[in-house]
Amino acid sequence: MTSKMTEFRKIDDFRWELPATGNMRVPGRIFASEQLWQQISADKSVSQVANVACLPGIVGYSMAMPDIHWGYGFPIGGVAAFDMNEGVISPGGVGYDINCGVRLIATDLEMDKILPKIKELSAVLFNAIPSGVGSSGAIRKLSFDEMKKVVRSGAKWAVEHGFGSQEDLVRIEDEGCMDAAEPGAISDRAYERGKDQLGTLGSGNHFLEIDVISEIYDKETAAVFGLKQDFAAFLIHTGSRGFGYQICDDYLHRIGSQQANFGFALPDRQLAAAPIKSQEGHDYYSAMAGAANYAKANRQIIQHLVIRAVERFFGTSAEKLGIRLVYDVAHNTAAFEEHQTGKGKTKLCVHRKGATRSLPAGHQSLPEIYRAAGQPVIIPGNMGDCSFVLAGVSGAGETFNSSCHGAGRVLSRGQAIRDARGRSITEELSKQGILVMARERGTLAEEMPEAYKNVKEVVSAVAGAGLCKKVAKLKPVAVTKG
Amino acid sequence: MTRHLKNMKQYRLIDHTADLGISVQARTLKKLFIASAESLFDLMLEGRAGRASERITVKLDAPDMASLLNRWLSELLYLFNAKKIVPVKYFIRELTENTLAAEIDTGRFNPGTRNIRREIKAVTYHDLKLEKKKNFWNARILFDI
């Protein structure tokens, strides 16, 4: 148990509060059940909640979702909002994989009918979407000028180039493009790394899954989202690849080198942060938005590759197979948003590091199709358990409209590898009816189901705290990993 | 913690929930920078570096020595990811509190001859330590996986 744990007090069944002490400018607040709280105490993430609370201009609380675990700088699962005039923006508050996120695609394919062919279908997808470390070559290599168009337009660029349809764009946060992106704020090194990685999954916890919608909790909302029980769905999890990693690295170095000039001390160098109003802060936000757009284009292109492969496999069109995008959400971003605070409606810079935006019904940023239902919030679990579709509710105003992003790790990668010794994770999952294909040897051990918290418990905690409502459950049937 | 002694590279793995860290020890600072670089590539790639085909020069500066270690490893990671360059032998010509100059004999990464162990996205500043204890220099470095 870390020293900070003893200072937390339980507010209710799902809220734990750390009073502001020392250099903390606001209290910390963690959303977790009693059971999850015991797991949270095992790592250093609660100290990271306290560290974030020390940053200038932070508003309300330094918060963390129930999938919180030890990250670098911010905890994974961290949410923090900053005043636009006095606050800061931090590359470490977004992370290296800028706009790592998930996209859910529904279908009219009945799982019972495609199950006999699932191995062949999975192999087709495994070959159609490049995955693994440094994977490339999904589409032609782009010139720097073309890359700058991707940075400006995000998924819109992908649709304009034949990767999907206009209808997809309203089903992506920010309609597929953050307007703040400025190509000039991004280094040649980032362009170099990103030019041949669009349309690739990458490695680690990134994946492409075929799932079955196994349970519906809210029939009305599920109908609006187009989710039908016992039908197949595709889940894509990836981000901005080397392009985003390089942008984060460039700005950590640039802002970190200038830190002494900004007039505040940092409890952790990975929290390097610049005033939002400074040139460095402006440039980072512009570059980060560019990487977010790259990630939106990446998932749009992967969806297109999936659809083309599925069309070829079944010998019919996507339209006839009922393939449609449900929604695309980001997990690692900073965004300028308006929220209710003690000062009324206020523009803030909200950092979500391993957290999902979660807009309630009626929110003006939601597309018309979801405005009455609330935002689809897609929560991937682990490859042996299940994932969830939630919907945003008004209670999430407390978290600047944020929810959890996944199960959250509980085992270190080293411990997972040690625990997996002498076992075949592929065989174990196969016995549960889950087919797994991975390109790299170590990935399956590091990503094995026990490495993660119980996603059902995590989702119950966000629902219990009133931050989201449960809509549907997905069970993995075939998993493709890098 | 696990001690890795493969290929004469000595580092300890540090358990971290989301990511991966190493602890490296050497008798001199130059050797510590080289051992850290070798450890980074041992975490990413199986097998040994092949034959060198090109000598490259690396010059870096940073506000302090720990940041310099971060920049050194980040530079090598960039060269690997963007240009598929794999270091074979390091010659650190100059190392001060704020500057590093090195020549590196390098080869090209060939996925047909070396397997990839895992992707390392970045070298973080979180919990970064570089200190001298008795006669040894020690570094603690966390990577984003």
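Q: How do you make sense of the layout of surface pockets when you look at a structure like this?
A: One simple way to see leftover space: roll a probe sized like a water molecule over the atoms. Residue and element names in this part refer to chain A. Of the voids in this model, the largest pocket is the one considered here, and its volume is about 870 Å³. Lining the largest pocket are 35 residues, with D174, F336, E337, R357 and S365 sitting closest to its centre. Breaking the lining of the largest pocket down by element, the ones donating at least two residues are α11 (279-314), β11 (324-330), β12 (332-341) and β13 (344-353). Residues that form the lining of the largest pocket fall into these classes: 14 nonpolar, nine polar and twelve charged.

Q: Is there a simple way to think about the packing of aromatic side chains in this case?
A: One pair of aromatic rings is described through two measures. These are the centre distance and the angle between the planes. Residue and element names in this part refer to chain A. Summed over the entire model, instances satisfying the criterion amount to 17 aromatic pairs over all chains. Relative to Y294, the ring of F243 has its centre 4.7 Å away and its plane inclined at 25°; by these criteria the two rings are stacked. Residue F243 is located in helix α10 (residues 241-258), and its partner Y294 is located in helix α11; the two are separated by 51 residues in the primary sequence. Summarising the burial analysis for this pair, F243 and Y294 share the class buried. Ring centres of F262 and F264 lie 6.5 Å apart, and the angle between their planes is 15°; this geometry places the pair in the stacked category. Residue classification places F264 among the buried positions, given a relative accessible area of 13%. The ring of F231 carries K228 above its face, with NZ or CZ at 4.9 Å from the centroid. R409 extends its terminal NZ or CZ atom over the ring of Y452, reaching a point 5.4 Å from the ring centre.

Q: Please clarify how helix α4 (residues 118-128) of chain A should be interpreted in this entry.
A: What sets the pattern is the α-helix's 3.6 residues per turn: residues three or four places apart point alike. All names here are of chain A. Regarding α4, the residues found buried are I118, L121, S122, L125 and F126. Down the axis of α4, the smallest arc covering the buried residues is 140°, so these residues share one side. Along α4, the residues that are exposed and aim more than 90 degrees away from the buried face are K119 and N127. If you follow the buried residues of α4, they end up packed against α3 (111-114), β8 (207-216), β9 (231-238), α11, β18 (435-438) and β19 (468-481).

Criteria and thresholds
- Residues numbered from 1 in each chain as written.
- Chains lettered and ligands numbered in written order.
- Predicted model: local features only at pLDDT ≥ 70, side-chain atom pairs only at ≥ 80, totals over all residues.
- Heavy atoms only, no water.
- 1 Å grid on protein atoms, 1.4 Å probe; cavity = no way out; pocket = protein on both sides within 12 Å on 5 of 7 lines; lining within 4 Å.
- Points joined across faces, edges and corners; volume = space filled by probe spheres on them.
- Helix = DSSP H or I, 4+ residues; strand = E, 2+ residues; numbered from the N terminus.
- Nonpolar A, V, L, I, M, F, W, Y, C, P; charged D, E, K, R; others polar.
- Phe/Tyr/Trp six-rings, centres within 6.5 Å; stacked < 30°, edge-to-face > 60°.
- Buried < 20%, exposed > 50% of the residue type's maximum accessible area, 1.4 Å probe, protein only.
- Lys NZ or Arg CZ within 6 Å of the ring centre and 35° of its normal.
- Arc of directions from axis to C-beta.
- Contact = heavy atoms within 4.5 Å.

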